[in-house]
Every structure is written in structure tokens, then in C-alpha cells.
Number of protein chains: 2
Amino acid sequence: MHQSGKTSFQDVRDEVIHRIQSGIWPQGTLLPTEVELAEEFGCARATVNRALRELAENGVVDRKRKSGTRVNTAPVKQAKIEIAIVRHSVEEQNAIYRYALVHKEITAIPPWLAAQLDLPITHKVMYLKCMHYADNRPYQFEERWVNIDAVPTILDADLVETGPNEWLLSVVPFTDAQINFCAVGADADLSEFLSTPTGTPVFQLERTTWLQNKPVTFVRMTYHPGYRMSTSY
Amino acid sequence: MHQSGKTSFQDVRDEVIHRIQSGIWPQGTLLPTEVELAEEFGCARATVNRALRELAENGVVDRKRKSGTRVNTAPVKQAKIEIAIVRHSVEEQNAIYRYALVHKEITAIPPWLAAQLDLPITHKVMYLKCMHYADNRPYQFEERWVNIDAVPTILDADLVETGPNEWLLSVVPFTDAQINFCAVGADADLSEFLSTPTGTPVFQLERTTWLQNKPVTFVRMTYHPGYRMSTSY
DNA sequence: ATCGCGCATATACCCAGACATAATATCAAT
DNA sequence: ATTGATATTATGTCTGGGTATATGCGCGAT
């Protein structure tokens, strides 16, 4: 009750969570109907609905019309990973951020990427290599292919001052993305730019983004050895 | 309008998304007030509220009392990673799942873990090593420390048939978790169990879970070489 | 110029009632 | 026994009214 004596949807939500966690309502339990809960808590059905809906969104309960609301047996826990702009991650650690454009060329799309993005192999792309430093130590190596068709203005963009990631984000609001994480051994390029011996295990993140079914860019970001990505829930 | 001629909160939400994506409301735009939008769409204010609230939850817009609703400049895109039970991930690939308990012992907590979990170094834990196979090929090596205090019943659990992860999930509903991803080179154990040369880059996921501030378990899961974790949004 | 206070305002949330929809249960006809 | 129509029921959503709360802004005192 954070308002004048009324039961808030948060109170309902918290009480339900409590009953589940304390074992009053074990896994699989069918909970009372919205009407019954509303009566018990002395609030409107809409309030209970809001609380239970939120719990359903978080995967705590499962709701079905007519069947009712049930405590989830296998809570599909999902961790949220925030894909931040590199500069922000670096600055968050109170380190000094530095960016460098290493390579820039207009070229034909590599066959493997053409296949992946479903583009003809004659398609032109902008191929970029960049480095991101934290306190002048290698932080991330970025390799990127940009679909010029989808973002023609990139031809005039100055990518020396601002990184392509920040530039793209401010210009093309993408709608869908697909992300891969994996571990690889450093190849020649990586070894050179990340100042590490060839074969060193490094953390790699690949992302493909689309703007309404039109591929925009594919980027491969490789972090310095020892990098840990973390999240909590 | 999916009901009899009424404007649903989804219609409002979709239209707002459309206006943002088509550039009618560029980044940073202050959108009309809820009342104004409700008038425009011919629906109740609560309906507009629901739509905008959902967009705010997804990070598309930013809402502040008195200021209004603004199109987010730096959309903090967050990818959701589903932390599924290993068996399910394997079965999803139509592979045959097999599990093996490799090692099980009650021991004093290792100092580094005691520090990490804020437990006394005299604390007893159960230390487990397990292997998960897909079609009889190594899939994941699991190394786990369980706080016996938090889960005393684990002493009687048969962990030979069911893996500790599934057992724990069905018994202790944890409340908080912290996850780390990183890339490491295979050490002796990993090399042996994952059938790969020492030093091979492998993808590792560490997770600590708590039940109301009480540490439950720390697990380190290492995937076979070449494993890719993927997600989309 | 700067600080503190009050007012206006936009969002946050609540309520009671209504209808829509999906899924189950029931029962009759084949 | 199987199928198909029908009633029931719990959730999903909308309405239009309300109060609560945070906060930007102006105004006056320092």
C-alpha cells in the first residue's frame, strides 16, 4: 500500500511472489482466479490482472484463458544483455576511451556473407576495421560490413572521428538483430591488434541487423583476452 | 482494431512504432500527451497509457511525469538470453541427450569461492563435476559447488540419474543470479572431458545464484569447442 | 545570480463495470 | 465410440471516471 490505503498491483505482485517462494504455492499450483484474488486483497480485478500479467511476462506464472493461472514449473529464466555502445562501456569503467579507424574500403560482398544475408554476390559493401582502446590498452577489435544499399549516406560519413557503430545507431534505427557469442583463437589480425599471441582464446560477438527485412550491417566484435561479459537477473 | 471497431492498445503501440521508424517522430521528439493521443485515436487514455508503457519497458521511449514521453535517443537494445536446461537445448537440436556424473564430494569451500560468496572458509560445500553429451559427443562440462546450508536435502539426492541443475531447479526456486561469459583455453580437465587439445578456445558461462541473499550455488559450464550461443531481438 | 517554494501539468495508478475471446466441459446426435 | 454443437468460465481488454505523485517552471526572497 503506497497510496492512501489502497492495495497496489505491486503489493499483489509481491505477495504472490512471496507465496511462491515460501512454498505456499509450489510449482504447478493453480492459483485462485482474478476475481477471488481481487476479493482477498480488496482491490479491483484490473489490479490483480496487472500484477499477474507482469509475473507472466517474467515467466513466473503461466496464464491461459479458462484454465487459469499456474505457477511455472520450469521458469525460463532469461538474462538480459545490454548491448551498449563500446564507448559507454569503457567510460563506465572510468577508463579513457580512444577509437581508431584502421581500414575502410568499398568492395564486393564476401560470398559467405552474401549467403548469410541473402544478397547477390555482386553486391557492394563497405568493409571496415576499427579498434577501440581503454586507457590506451586494446579493448575491442571491430570488423564490419555495411550494406551500402540500405545506408547510402555512409559513403559521405566521416568515420574517423566517430565509430561506425555510433554513427549507424544515430542514423538507421534498425528493427531486428541476431546475435552470436563464441570463443575463438586469435588469428593474425586479432593477434596484431589485440597485442596477444596467435591462438589466444578471445571472446567474440557477432551481430547482424536488419531494417524491416533489409540487411543493414554485419559486425564481428572481438574483445581483449580475459574479457568477461556479465549480467544479472 | 481486432475487436468490434475499437482501437486496441496494440493498434496505438504499432502506430507509434511506425511513426518513429518512418521518421515522423525522429529521435528525441516529444510526443503528444496521453490525452491528445487518446483523442486522436478515439480511445480511452488508459489504452494509450498501456501502449506507451509497453514501449517504455522495451526502451523505445522514455517517460517522465510532467515532462512527457520522448523518443529514446540511445535505444538501449537488450538481448534476452534464455538460460535453458542443458537437456532441453540438446533435445531441441534433435540430438540424443546423455548425462554422466563424474565426481561428487563433500569438501571445504575453496578460498576463492568463499570470498566470492561471502561465506566463511570453513564452510562445507558439495563439489560436483558432470558431463552432458549430445549424440554421445561432448556438449558441456559442468563444474558446480553447492552450498549445503542452503540446500541440505541435496545430501540425499540421487544425482546420477538427473543432473544437479535440473534437480536444483525443481527444488530451490532461486531469486537472483549473476552470470558471466568468457572465453578460456582448455585446461587439463576440460581437454580430457571435451576431447580437445589443451589450450583450445572454449566458451564458458559462470553463474552464481542466490535465494534471498543466501548463496545457493556457483556453476561453471564450459561448452565444446565451436559452440555458439545465439539470440535475437 | 542563486536558492527555495508553490503551482501547473503529465504520467502513474486505481476502480467498477462491460464485452471479447479462447479453452474446456457437457451433452446430444451420429 | 466419435463427432459436433453449446454452455460455461477464466483471462484479455476497453471505457471513463477518479486520485496520487513527481517534476519543470516561474516567482519572489536572499
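About the criteria used
Residues numbered from 1 in each chain as written. Chains lettered and ligands numbered in written order. Predicted model: local features only at pLDDT ≥ 70, side-chain atom pairs only at ≥ 80, totals over all residues. Heavy atoms only, no water. Contact = heavy atoms within 4.5 Å. Polar contact = N/O pair within 3.5 Å; in protein donor to acceptor, adjacent residues only side chain to side chain. Helix = DSSP H or I, 4+ residues; strand = E, 2+ residues; numbered from the N terminus. Nonpolar A, V, L, I, M, F, W, Y, C, P; charged D, E, K, R; others polar. Pairing = 2+ DSSP bridges. Least-squares fit on C-alpha atoms with pLDDT ≥ 70 in both. Near = heavy atom within 4 Å. Domains from an automatic or database assignment. Phe/Tyr/Trp six-rings, centres within 6.5 Å; stacked < 30°, edge-to-face > 60°. Buried < 20%, exposed > 50% of the residue type's maximum accessible area, 1.4 Å probe, protein only. Lys NZ or Arg CZ within 6 Å of the ring centre and 35° of its normal.

Novice: What is the right way to read the interface of chain B and chain A from this model?
Specialist: Much of the literature gives interface size as the accessible area that the parts lose upon coming together. Between chain B and chain A, the residue contacts involve 41 residues of the former and 41 residues of the latter. Our count for the chain B to chain A interface comes out at six residue pairs in polar contact (both at pLDDT 80 or more). Here the side of chain B that touches chain A gets 10 residues from one element, more than from any other, and that element is strand β7 (residues 176–185) of chain B. Broken down by class, the residue content of the side of chain B that touches chain A amounts to 18 nonpolar, 13 polar and 10 charged. Relative to β7(B), strand β10 (residues 228–232) of chain A runs antiparallel, the two sharing five bridges. Residue pairing across strands places A:Met229 opposite B:Phe181, the latter belonging to β7(B).

Novice: Would you mind going over the relation of the copies chain B and chain A with me for this structure?
Specialist: Both copies of the chain are related by a screw-like operation: a rotation about an axis and a shift along it. For the pair chain B and chain A, the superposition axis carries a translation of 0.1 Å, the fit reaches an RMSD of 0.1 Å, and the rotation angle comes to 180°. A rotation of that kind, with that shift, is consistent with a two-fold axis. Looking at chain B, 100% of its interface residues are interface residues in chain A too, so the copies touch through the same face.

Novice: What am I meant to see in the protein's contact with DNA strand D here?
Specialist: What surrounds DNA strand D is a group of 29 residues, the closest being A:Arg63, B:Ser8, B:Phe9, B:Ala44 and B:Thr47. Expressed as a percentage, the sugar and phosphate content of the atoms of DNA strand D within 4 Å of the protein is 71%. Contact between DNA strand D and B:Gln10: a phosphate oxygen at 3.5 Å from a side-chain N or O atom of the residue. Interatomic distance of 3.3 Å between a side-chain N/O atom of B:Arg50 and a phosphate oxygen of DNA strand D. Every element with two or more residues in the surface near DNA strand D is listed here: α3 (45–57), β1 (61–64) and β2 (68–71) of chain A together with α1 (9–21) and α3 (45–57) of chain B. No other element matches the four residues that α3(B) contributes to the surface near DNA strand D.

Novice: Where do I start with the side chain of B:Glu54 in this structure?
Specialist: Mapped onto the secondary structure, B:Glu54 falls in helix α3. For B:Glu54, the contacting residues outside a window of four places in its chain are B:Phe9 and B:Arg13.

Novice: What am I meant to see in the protein's contact with DNA strand C here?
Specialist: Neighbouring residues of DNA strand C: 26 residues in total, closest A:Ser8, A:Phe9, A:Thr47, B:Arg45 and B:Arg63. Within the backbone of B:Lys66, an N or O atom sits 3.4 Å from a sugar or linking oxygen of DNA strand C. Here the residues of the surface near DNA strand C sort into three nonpolar, 12 polar and 11 charged.

Novice: Can you walk me through the domain arrangement of chain A in this structure?
Specialist: Along its sequence, chain A is carved into domain 1 (9–71) and domain 2 (86–223). Between the C-alpha centres of domain 1 of chain A and domain 2 of chain A the distance comes to 44 Å.

Novice: Is there a simple way to think about the packing of aromatic side chains in this case?
Specialist: Summed over the entire model, instances satisfying the criterion amount to 24 aromatic pairs over all chains. Ring geometry for B:Trp112 against B:Trp145: centres 5.2 Å apart, planes inclined by 85°, an arrangement best described as edge-to-face. Pair noted here: B:Trp112 is in helix α5 (residues 111–117) and B:Trp145 is in strand β6 (residues 137–147), with a separation of 33 residues, a long-range link. The exposure class assigned to B:Trp112 is partly exposed, which follows from its relative accessible area of 37%. Residue classification places B:Trp145 among the buried residues on the basis of a relative accessible area of 7%. Connected via pairs of aromatic rings, a cluster forms that spans A:Tyr139, A:Phe181, A:Phe203, A:Tyr223, A:Tyr227, B:Tyr139, B:Phe181, B:Phe203, B:Tyr223 and B:Tyr227. Of note, A:Arg98 hangs over the ring of A:Tyr133, and the distance from its end group to the ring centre comes to 4.3 Å.

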